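# Observations on the model geometry
Below are the chains, spelled out letter by letter.
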Amino acid sequence: SAASDVYKRQVVDRYPEREALVSRHQNIRWTYKELQQKVNQLASAIIEMGLEAGDRIGIWSHNNAEWLLLQLATAKVGIILVNINPAYRTFELQYALNKLGCSALVLMRHFKSSDYAQMVRELCPEIYHKTYNQLDLVEIPTIERIIWIDEPGNDEDFDYMQKFSAWMSEGDAGDPRVAERQAQLKNTDPINVQFTSGTTGTPKGATLSHRNILNNGYFIGEAMNLTEEDKLCIPVPLYHCFGMVLGNLAILTHGGCIVYPNDGFEPLSVLQAVEEEKCTGLHGVPTMFIAMLDHPDFKQYDLSSLRTGIMAGSSCPIEVMRRVIDQMHMQEVTIAYG
């Protein structure tokens, strides 16, 4: 969307050296200028892969820097990002990819007991005999490439999956095709698909436009009085609109800093992140706030930098709200549920 890009460029032009992202579990710190350069490089790699505006890429991962890069790069070149819940089993993954005809799938290597590469192999046993640029899979026929989010020091290699770092290196941050593609996009174009929980029947994909999510993120940020001075701790999952829109987009549209304390929620890492990064905002569902407040080490952490944040995901008991305001210093906490 041209409008969102003008806005993003304005933010980068205004605050090139301000921190845009701190991903603590990955030991990553990027300024706005560095983030923009990486996003443009990935956008170029997406074009290089042959994807056209309106094509779809699935992201099956918990929180990390690559998730953010993919969110912004797909939007730049008109690719629809399909958020896939990391808790999905193979049949749900298959349903989501086929329902939307995804051209590519980006996945994290593993999380706790989930081995995502193994789940792909279970779904497509023939994948053992494929190379990553010549996939022809029976159960997920539209998938042309599977990319795994590699980490420094992990020397695993898969013939049938490409490393994210190698995919990035196919792009060029100065690629003129990125701006050419952008000029053809409209703010009403679809940009993102999020699945309902599927409590009745199969999950339903809700399609969102550039305007939908950018406005939602921007105005939530306005409601929270966010500025470039704010640092927002995001322990909620990015595959949900809470992390991706009310988190990433709310803070980026205001020139502040995203802080990922960990890939998945863990109360201690959140308390540490808030204290050490001096976060001013913190998002969470009620059970997350309860887990932090009830942690035996809670009182050891200095959370006095906190001012705001969002509690959502389910209705919040009033006594939890009181404790968050009194003990976590979040006088301006926002309820975004119901």
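Residues numbered from 1 in each chain as written. Predicted model: local features only at pLDDT ≥ 70, side-chain atom pairs only at ≥ 80, totals over all residues. Heavy atoms only, no water.

Let us look at the packing of aromatic side chains. If you walk through the whole model with that rule in mind, you get 5 aromatic pairs. Centroid distance Phe-164 to Trp-167: 5.6 Å. Interplanar angle 90 degrees. Geometry classified as edge-to-face. Taken together, the positions of Phe-164 and Trp-167, both in helix α6 (residues 164-169) and 3 residues apart, correspond to about one turn of that helix. Given the relative accessible area of 3%, Phe-164 is considered buried. For Trp-167, a relative accessible area of 0% corresponds to the buried category. Site record: aromatic cluster; members linked through ring pairs are Trp-148, Phe-158 and Tyr-160. Taking the ring centre of Tyr-15 as reference, the NZ or CZ of Arg-18 above it sits at 6.0 Å. (Phe/Tyr/Trp six-rings, centres within 6.5 Å; stacked < 30°, edge-to-face > 60°. Helix = DSSP H or I, 4+ residues; strand = E, 2+ residues; numbered from the N terminus. Buried < 20%, exposed > 50% of the residue type's maximum accessible area, 1.4 Å probe, protein only. Lys NZ or Arg CZ within 6 Å of the ring centre and 35° of its normal.)

With that settled, consider the pattern of salt bridges. Within the structure shown, the criterion is met by 15 salt bridges. Residue Arg-109 pairs with Glu-156 through a salt bridge whose shortest N-O separation is 2.9 Å. Here Glu-156 lies in the loop between β8 (145-149) and β9 (162-163) and Arg-109 lies in the loop between β5 (104-108) and β6 (110-111), a separation of 47 residues in the sequence. On the basis of relative accessibility, which here comes to 9%, the residue Arg-109 falls in the buried class. For Glu-156, a relative accessible area of 24% translates into the label partly exposed. Measuring nitrogen to oxygen at the nearest pair gives 3.5 Å for the salt bridge that ties Glu-277 to Lys-231. Of the two residues, Glu-277 sits in helix α10 (residues 267-277) while Lys-231 sits in strand β12 (residues 231-233), which places them 46 residues apart along the sequence. The same class applies to Glu-277 as to Lys-231, namely buried. Taken together, the shared-partner salt bridges connect Glu-19, Arg-24, Arg-29, Lys-231, Glu-276 and Glu-277 into one network. (Salt bridge = Lys/Arg side-chain N within 4 Å of Asp/Glu carboxyl O.)

Quick look at the sheet that holds strand β10 (residues 190-195) now. Ordered by their spatial adjacency, 7 strands build an open sheet running β9-β8-β5-β3-β4-β10-β11, and the pairing between neighbours is mixed. Looking along the sheet, the strands with just one partner apiece sit at the ends: β9 and β11 (205-209). Those strands touched by helix α8 (residues 210-223) are β10 and β11, and its axis lies near 75 degrees from that of β11. (Pairing = 2+ DSSP bridges. Contact = heavy atoms within 4.5 Å. Axes fitted to C-alpha atoms, helices over the stretch in contact; angles between N-to-C directions.)

Bringing helix α11 (residues 286-293) into the picture now. Residue pairs spaced three or four apart in an α-helix point in one direction, given the helix's 3.6 residues per turn. Every buried residue of α11 is accounted for by Pro-286, Met-288, Phe-289, Met-292 and Leu-293. Looking straight down α11, one finds its buried side chains confined to an arc of 160 degrees; they lie on one side. (Arc of directions from axis to C-beta.)

Along the polypeptide, Thr-74 turns up in helix α3 (residues 65-76). Look at Thr-74 and you get buried, because its relative accessible area is 0%. Setting aside its immediate chain neighbours within four residues, Thr-74 contacts Ile-46, Ile-57, Ile-79 and Leu-81.

In helix packing, the relevant descriptors are the interaxial angle and the interaxial distance, both defined with respect to the helix axes. Their axes nearest at 10 Å, the elements helix α4 (residues 90-100) and helix α5 (residues 116-123) cross at an angle of 75 degrees. Taken together, the axes of α4 and α5 lie roughly perpendicular to each other. Each of Thr-90, Leu-93 and Gln-94 in α4 lies in contact with α5, whose residues at this interface are Met-119, Glu-122 and Leu-123. Residue composition of the contact of α4 with α5, by class: 3 nonpolar, 2 polar and 1 charged. (Parallel < 35°, antiparallel > 145°, perpendicular 65-115°, else oblique. Nonpolar A, V, L, I, M, F, W, Y, C, P; charged D, E, K, R; others polar.)

Judged from the 4 bridges that link them, strand β1 (residues 19-23) and strand β2 (residues 28-31) form a sheet pairing that is antiparallel. Bridging from a neighbouring strand, Glu-19 pairs with Thr-31 of β2. Two successive antiparallel strands, β1 and β2, enclose a turn made up of 4 residues, where Asn-27 displays a positive phi of approximately 60 degrees.

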